[in-house]
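The chain contents come next:
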Amino acid sequence: MDQSTTSSFCNLGILDSLSNDSICEILRSYNGFCAATQTLLAAVDDLSARRDFVAYVHSLCKHGLDSLVRDHFLRVLEETFERNGASRFWRHFEPYSNVTGLNKNDDLEIDEDEILSVLHSALEEIYLEKGYQEKCLLMLVHAFQSYKKQVSGNTRDLDAERNHLTTKYQWIVSSVLTATLPRNFRVILHWYFKRTLEELSTRMDEELQDHESQSKDGMDLDEKGKICNKVGEMDVDECYNESRYSENNKLVNSIGKVVLHLRSLGFTSMAEDAYASAIFLLLKAKVYDLAGDDFRSSVLQSIQSWIQAVPLKFLHALLVYLGDSVSYESSSSGLKSPLALQPSSFCPGIDSPSEGLVRWKLRLEYFAYETLQDLRISKLFEIIVDYPESSPAIEDLKLCLEYTGQHSKLVDSFISSLRYRLLTAGASTNDILHQYVSTIKALRTIDPAGVFLEAVGEPIRDYLRGRRDTIKCIVTMLTDGTGGNSSASGNPGDSLLEELNRDEEIQEDVGIDDDFNTDDRQAWINAARWQPDPVEADPLKGSRNQRKVDILGMIVGIIGSKDQLVHEYRTMLAEKLLNKSDYDIDSEIRTLELLKIHFGESSLQKCEIMLNDLLGSKRTNTNIEATISQSSQTSGENAISMDTISATIISSNFWPPIQDEPVNLPESVDKLLTEYATRFHETKTPRKLQWKKSLGTVKLELQFDDRIMQFTVAPVHASIIMQFQDQKSWTSKNLAAAIGIPVDALSRRIHFWISKGIISESAGVDTSDHVYTIMESMAETSKNGAGSSGIQELLGGDEEEERSVSSVENQLLKEMTVYEKFIMGMLTNFGSMALDRIHNTLKMFCIADPPYDKSLQQLQSFLSGLVSEEKLELRDGMYFLKK
């Protein structure tokens, strides 16, 4: 007897109580049952074998050996399926054993349609084999049923018997196939679903585009036909495009059939993974196609529409075909999404979406949001460069982050991009500042509370603090009309300060309205919506509900103190005012008033006096011109009229240190300045003028034999060219002596006239003494390869010249020099001191005039200069006297 008779389900003790005849009957019945089973499973259509099979089952059941019957039949069934089903099934895919990826190998010639056909035929073949074996299994169940009906007339347990045997057989099929699963089968499945869903997506995309184009033409689809919604069919306008619907329906049925076969073989999870992967690949490609590098239009709505029109339609039809279309409302799982409280609005076009479809929609939307989010984060640097034109992309990113909550990914990725692409030596400070301001504006949309902006902006602020021209660039950007980025809310030519002030007024107006309309009920609503700050938030900044992004405050925070910014602004304002050729200071007054709003009037008092000096100069100049009589305006052939002078009269105690270079002006000009000073003294007694002759601008008109040229230059340039009015040629030494400047300074200054083709340079008798000659005609100019013909109006001094006002660095150096002896004395007494200790000691003891009021960074800069001059040493953060 077979070893299977030792099954735990068989009580062999009954054999001891049987007679020899009974034992012989059992042996005869068992051998007959085994033979009948082999014949039956061999797919031999023998009616007598079926009758014998039932008879043998009855005989064995009569002796209580029904468990022996089950075990033997299932074992033979497993062997037969492994031999006739699994082996043949996997043999179909052996020619494609080298397929290891979704893309075809370059060295393999694989027919895509052939693989498609092979998969269908293999699944059909094994499905038929499995179906026949299931019929044989049902014959066994019916045999048990007929026996029990004969014996007791009770068939209540037959359903349980059938379910038990069917489940066990399904487990056998799945185990056999999984144990012999080749590596390439998953790849083939993924490839199959990818290819078929791409084809279906292309068709449905065309259908969607046709629908949109006809909607734009004003066509009413509801009037053309009604939407079909039948079981196993996709929701399309059958009257609008019946042939296309039929093709799509056939393709969906074909996919559904493959999924059904795979499910019956125990590959449910593998099949779902395969077509889910294909759907997500299609969705990812669609997101990339719609978004791409176009940041000026929102794509989120288009993506959502595509999800509704293509993958959800397919999944709805597939679930209907598979019989998984249980209504979401009738689901008993209890796990319902809050987004599906109204199923009809959740899935437009589908009256009662199934629970599976609801879950699919959530998965697809999350994947789409995450994919678009990652795409926008990877391009965030370019998006911010294009801001505010790229505002739609920022809005999409904001919605995606609200859905996914992956703000930390944005912070980490953007900081990495900043360090690699912006915070480098090759980027100008001005470009970095503009990118910083654009970053603040863009991220303010995503994060109004500024929680993540703090983390993103920290590397930029740290880097800018190490650049020497940061303060100057900040002041220029705040006050210059070309310094700020124009935005939708601004006007071309507005300074960043004006733009920020206008935005702040708008925010304050909105805030006032909000406060005015807030009542107790709204307060409860706000309390219910309260959320804690994320872990990245700085606790020192206050709650996100009270924090407001202050762009100007963040910019000033780079410097560390508003006093440094005001000092730099005062220096730049002085430079701008001294170089003005008129008294138009309306823009400067407007900028000063805006700065007062943010920094207070007291800190900008000196700047206000400087502007008042310009206004006073205009009045004084007008009064002096009114006192000039017509007879005293000219004297001599080359005399200059006094009404051509416009003086800028400054109160030197309130202006930054002025750099005055000694220069000898022509006698006629000098005489005119003296007469102007005399008239000023007469009208402003007892005040007297002290001329800064190297400052200001001079408008010249040079008349040659064949051309007239106009220039606006510095006084020293005018003095140089006017020396050639009476003498056509000068040596460099004589010309420098006549003007009163060093020879090397003359060489730098006169290069402007040489570059314009006005003066030629040649070697003199002495190699160190050059000869400069005026060029009277264009022929001479062309011969020397410079200049051009015609009347020109050029601005002189475009090259970098000495400043009219001492730079902030030079002023700081001059002010800090006073404390050098204190520092040397401290280091002599204490031996070595750290930067903080030196700073605190100076603040404590240097309280007399001038008091020590410098920042730690300014002191560090001064000490670094002493180290470079080898007066001090710096070791391990400690300063020593140089030995």
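Residues numbered from 1 in each chain as written. Predicted model: local features only at pLDDT ≥ 70, side-chain atom pairs only at ≥ 80, totals over all residues. Heavy atoms only, no water.

Within the secondary structure, Asp 480 sits in the loop between helix H19 (470-479) and helix H20 (496-517). Counting along the chain gives 108 residues from Asp 480 to Glu 588, while the straight-line C-alpha distance between them is 9.4 Å. (Helix = DSSP H or I, 4+ residues; strand = E, 2+ residues; numbered from the N terminus.)

Another aspect to go through is the sheet that holds strand S4 (residues 759-763). Strand order in the open sheet formed by three strands is S3-S5-S4, and the pairing between neighbours is antiparallel. Of all the strands in the sheet, the pair left with one neighbour each is strand S3 (729-731) and S4. Put simply, the sheet's adjacent strands are angled 25 degrees from each other on average, direction ignored. Here S3 runs beside strand S5 (residues 770-774); their pairing, made up of three bridges, is antiparallel. Bridge assignment links Thr 731 to a residue of S5, and that residue is Val 771. Against the sheet, helix H28 (residues 732-739) makes contact with S3 and S5, and its axis sits at roughly 90 degrees relative to S3, the strand it touches most. (Pairing = 2+ DSSP bridges. Axes fitted to C-alpha atoms, helices over the stretch in contact; angles between N-to-C directions. Contact = heavy atoms within 4.5 Å.)

To continue, consider the pattern of salt bridges. A full pass over the atoms with the stated rule returns 22 salt bridges. A salt bridge links Glu 454 to Arg 461; its shortest N-O distance comes to 3.6 Å. Its relative accessible area of 6% is what places Arg 461 among the buried residues. Among the ionic pairs, Glu 608 bridges to Lys 596, the shortest N-O distance being 3.1 Å. Of this pair, Glu 608 sits in helix H25 (residues 605-627) while Lys 596 sits in helix H24 (residues 586-599); the two residues are twelve residues apart in sequence, bridging distant segments of the chain. Counted as one network, the salt bridges with shared partners bring together Glu 454, Glu 458 and Arg 461. (Salt bridge = Lys/Arg side-chain N within 4 Å of Asp/Glu carboxyl O. Buried < 20%, exposed > 50% of the residue type's maximum accessible area, 1.4 Å probe, protein only.)

A word on the pairing of strand S1 (residues 698-703). Here S1 runs beside strand S2 (residues 708-713); their pairing, made up of six bridges, is antiparallel. Residue pairing for S2: Lys 699 is matched across the bridge by Thr 712. Linkage of S1 to S2, two consecutive antiparallel strands, is achieved through a turn of four residues.

We describe a pair of aromatic rings using the distance from one ring centre to the other and the angle between the two ring planes. For the structure on display, the rule yields 21 aromatic pairs. A centroid spacing of 5.0 Å and a plane angle of 80 degrees characterise the contact between Trp 90 and Phe 185, whose relative ring orientation is edge-to-face. Here Trp 90, found in helix H3 (residues 66-91), pairs with Phe 185, found in helix H6 (residues 184-216); they are 95 residues apart in sequence, far enough to count as distant. Assigned by exposure class, Trp 90 and Phe 185 land together as buried. (Phe/Tyr/Trp six-rings, centres within 6.5 Å; stacked < 30°, edge-to-face > 60°.)

The next subject is the packing of helix H23 (residues 562-578) against H24. Contact geometry of H23 with H24 gives a least axis separation of 13 Å together with a crossing angle of 170 degrees. The pairing of H23 with H24 is recorded here as roughly antiparallel in orientation. Of the residues in H24, those in contact with Lys 562, Leu 565, Tyr 569, Leu 573, Lys 576 and Leu 577 of H23 are Glu 588, Thr 591, Leu 592, Leu 595 and Phe 599. Taken together, the residues of the contact of H23 with H24 sort by class into seven nonpolar, one polar and three charged. (Parallel < 35°, antiparallel > 145°, perpendicular 65-115°, else oblique. Nonpolar A, V, L, I, M, F, W, Y, C, P; charged D, E, K, R; others polar.)

Attention now goes to the confidence of the model for the protein chain. Detailed conclusions should not be drawn from predicted coordinates in areas where pLDDT is low. Confidence in the prediction of the protein chain, expressed as mean pLDDT, is 75, and 73% of residues score 70 or more. A low-confidence stretch, residues 633-637 (pLDDT under 50), is modelled with six contacts involving residues beyond four sequence positions or located in other chains. (pLDDT = per-residue confidence, 0-100.)

This next bit is on the side chain of Thr 620. Assignment of secondary structure puts Thr 620 in helix H25. On the basis of relative accessibility, which here comes to 6%, the residue Thr 620 falls in the buried class. If near-sequence neighbours (up to four positions away) are discounted, Thr 620 is found in contact with Ile 649, Phe 680 and Lys 684.

All right, on to the sheet that holds strand S8 (residues 872-875) then. Across the sheet, which stays open at both edges, the three strands sit in the order S7-S9-S8 with antiparallel pairing between neighbours. Sheet topology places strand S7 (832-834) and S8 at the edges, where each strand pairs with a single neighbour. Pairs of neighbouring strands in the sheet enclose a mean axial angle of 30 degrees, with direction left out of account. Across three bridges, S7 lies against strand S9 (residues 878-881) in antiparallel orientation. Note that in S9 the partner of Ala 834 across the bridge is Met 878.

Moving on to the environment of Lys 684. Note that Lys 684 resides in the loop between helix H26 (667-683) and S1. The spacing of Lys 684 and Thr 620 is 64 residues in sequence and 8.8 Å in space, taken between C-alpha atoms.

Generally speaking, a soluble globular protein has its nonpolar side chains buried in company with each other. Of all hydrophobic cores here, the largest spans 96 residues; its most connected members are Phe 89, Leu 177, Phe 185 and Phe 193. Examining the composition of this core, we find that 15 residues originate from one element, helix H4 (residues 112-151), more than from any other. Setting aside residues no more than four positions away along its own chain, Leu 177 makes contact with Phe 81, Ala 86, Phe 89, Trp 90, Ile 126, Leu 265 and Phe 267. Ile 383, Ile 384, Val 437 and Ile 440 belong to the second-largest nonpolar core, a separate cluster that totals 68 residues. (Core = buried A, V, L, I, M, F, W, Y, C linked by side-chain atoms within 4.5 Å.)

Here we come to the packing of helix H18 (residues 451-465) against helix H22 (residues 551-559). Remark: H18 packs on H22, axes separated minimally by 9 Å, with the N-to-C direction vectors making an angle of 40 degrees. Viewed along their axes, H18 and H22 form a crossing whose handedness is right-handed. Contacts from Leu 453, Glu 454, Arg 461, Leu 464 and Arg 465 of H18 reach H22 at Met 554, Gly 557 and Ile 558. Looking at the contact of H18 with H22 residue by residue, the classes come out as four nonpolar, one polar and three charged. (Left-handed = near helix turned anticlockwise from the far one by under 90°.)

This part is about unusual backbone geometry. Following Tyr 387, the chain continues into Pro 388 via a peptide bond in cis, with omega recorded as 10 degrees. Counting through the fold element by element, Pro 388 comes out in the loop between helix H14 (380-385) and helix H15 (391-404). Located in the positive-phi region is Glu 870, a residue other than glycine, with phi close to 65 degrees. Summarising the element assignment, Glu 870 is placed in the loop between helix H34 (856-868) and S8. In this structure Glu 870 comes out as exposed when scored by relative accessible area, which is 58%. In the Ramachandran plot, Asp 876 falls in the positive-phi region, its phi being about 55 degrees despite a non-glycine side chain.

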